[in-house]
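So you can see what is in the structure, the chains are spelled out below.
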Amino acid sequence: MDRLQAMKTYVAVVECGGFTPAARKLDASLSVVSRVVTDLETHLGVRLLTRTTRVVRPTATGAAYYENCRRILAEIDEAELAATGTHAAPRGRLSITASVLFGRRFVTPIVVEYLRRYPEVDVDCLFIDRIVNFIDEGIDVGVRIGDLPSSSLQAVTVGRVRRVVCASPEYLARHGTPATPDDLAAHAVILTTGISTVPEWRFAHNGEPMPVRLTPRMATTTNDSAIATAVANFGLTRVLSYQIADEVRDGKLHIVLEDYEPPALPIQIIHREGRHAMHKVRAFIDLAVEVLRSNTFLNGTNPD
């Protein structure tokens, strides 16, 4: 058995989500791909994949083996690039994910600069307001806001942002400024339900959590629409500080209840590669770290 080819075949099956699309990617027959993976499992003495009529997924052992195979194959590519004298030029296809607003405002300019610097790299951007599975969706690098659960992903912190409540100056002039979270009961609340449908905002006071149940006048699935509604003088909404940096700077929104804000959330660049990251991944991470750490909107302070 050609172990290197077996690794490439197995990685293709995992990343494509099945034998048929992997066979198309490898330009091989379905029977050959299936036999290679079966022989690999026999050689290792473990089951790498769970197969059903509708899905093919790696087992726990298979997921760990996939990550090791991917690293080994990346190191081989790096060695060949170094040997041919082209190590200084990243190439290939890079997949990146971030939330919709953060992706549009902050990641897209980084991607544009990256593409200008490295013309042999193409980039796929997945900007979506949900947690993305790196293996299932073939992602190389992501930007996430919030504490990360324990995982095999590597993380680099590039900033922090606050969870802030805001409203327009005209709305506050008409209805008053809430002094405590309990005062929200007397106000029009605009709730974003993209991640959680629970009508609750969590505050903190003197180091203690302070959840507040809400009766929203409006619920929406996007931060963009919540911010637009607040700017239109309808009520109070809660977003991340970077999302309203421009509106606060321009005087369209004011932040309230600052003394009750929970701890700021970290902004982290995450990837799968560890210290052996492929050159195209390292190059993007280095650029993103430099750009994001220098941005004053992403350090958890009030935007001016």
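See the structure printed just above.
Just so we're clear, the structure is a prediction, and the values are computed from it rather than from any experiment. (Residues numbered from 1 in each chain as written. Predicted model: local features only at pLDDT ≥ 70, side-chain atom pairs only at ≥ 80, totals over all residues. Heavy atoms only, no water.)

Novice: Report on the packing of aromatic side chains, specifying residues and quantitative values.
Specialist: Summed over the entire model, instances satisfying the criterion amount to 6 aromatic pairs. Cluster of aromatic residues (ring-pair linked, three or more members): Phe102, Phe106 and Tyr242. Above the plane of the ring of Phe203 lies Arg238, whose end atom (NZ or CZ) is 4.7 Å from the centre. (Phe/Tyr/Trp six-rings, centres within 6.5 Å; stacked < 30°, edge-to-face > 60°. Lys NZ or Arg CZ within 6 Å of the ring centre and 35° of its normal.)

Novice: Summarise the environment of Ile145; cite the residues concerned and give the values.
Specialist: Structurally, Ile145 can be placed in strand E5 (residues 141–145). A relative accessible area of 27% places Ile145 in the partly exposed class. Remark: the alpha-carbon pair of Ile145 and Ile227, spanning 82 residues in sequence, is separated by 19 Å. For Ile145, the contacting residues outside a window of four places in its chain are Phe102, Val161, Leu240, Tyr242, Leu265, Pro266 and Ile267. (Helix = DSSP H or I, 4+ residues; strand = E, 2+ residues; numbered from the N terminus. Buried < 20%, exposed > 50% of the residue type's maximum accessible area, 1.4 Å probe, protein only. Contact = heavy atoms within 4.5 Å.)

Novice: Could you give an account of the pattern of salt bridges, with specific residues and numbers?
Specialist: Per the stated rule, a full pass over the model turns up 14 salt bridges. Close ionic contact of Arg93 with Asp122 constitutes a salt bridge, the shortest N to O distance being 3.7 Å. Residue Arg93 is found in strand E3 (residues 92–98), and its partner Asp122 is found in strand E4 (residues 121–127); the two are separated by 29 residues along the sequence. When its relative accessible area of 39% is taken as the criterion, Asp122 is described as partly exposed. Across the salt bridge formed by Arg162 and Glu258, the nearest N and O atoms sit 3.4 Å from each other. Residue Arg162 is found in the loop between strand E6 (154–161) and strand E7 (163–167), and its partner Glu258 is found in the loop between strand E13 (254–256) and strand E14 (265–271); the two are separated by 96 residues along the sequence. On the basis of relative accessible area, Arg162 is assigned to the buried category, the value being 8%. (Salt bridge = Lys/Arg side-chain N within 4 Å of Asp/Glu carboxyl O.)

Novice: Give a detailed account of the pairing of strand E8 (residues 189–192), specifying residues and quantitative values.
Specialist: Of the strand pairs in this sheet, E8 and strand E12 (residues 236–240) are connected by 2 bridges, and their pairing is parallel. Its bridge partner being in E12, Ile190 is matched across the sheet by Thr237. (Pairing = 2+ DSSP bridges.)

Novice: Outline the sheet that holds E7, listing residues and values.
Specialist: Strand pairing in a sheet relies on backbone hydrogen bonds. The paired strands run either parallel or antiparallel. Here we have 5 strands laid out as an open sheet, ordered E11-E8-E12-E7-E13, and mixed in their pairing. Bordering the open sheet on either side are strand E11 (218–220) and E13, each of which pairs with just one other strand. Direction aside, the axes of adjacent strands within the sheet are offset by 35° on average. By the bridge criterion, 4 bridges tie E7 to E12 in an arrangement that is antiparallel. Paired with Val164 across the two strands is Val239, which belongs to E12. Across the face of the sheet, helix H8 (residues 223–231) comes into contact with E8, E11 and E12 while running at roughly 170° to E8. (Axes fitted to C-alpha atoms, helices over the stretch in contact; angles between N-to-C directions.)

Novice: Hey, could you go over the nonpolar core for me, with residue numbers and the actual values?
Specialist: Leu94, Phe102, Tyr114, Ile244, Ile269 and Phe284 are the most contacted members of the largest nonpolar core, which totals 44 residues. Among the elements that take part in this core, helix H10 (residues 279–293) stands out by supplying 8 residues, more than any other. Counting 22 residues, the second largest nonpolar core, distinct from the first, contains Met7, Val13, Val56 and Tyr65. (Core = buried A, V, L, I, M, F, W, Y, C linked by side-chain atoms within 4.5 Å.)

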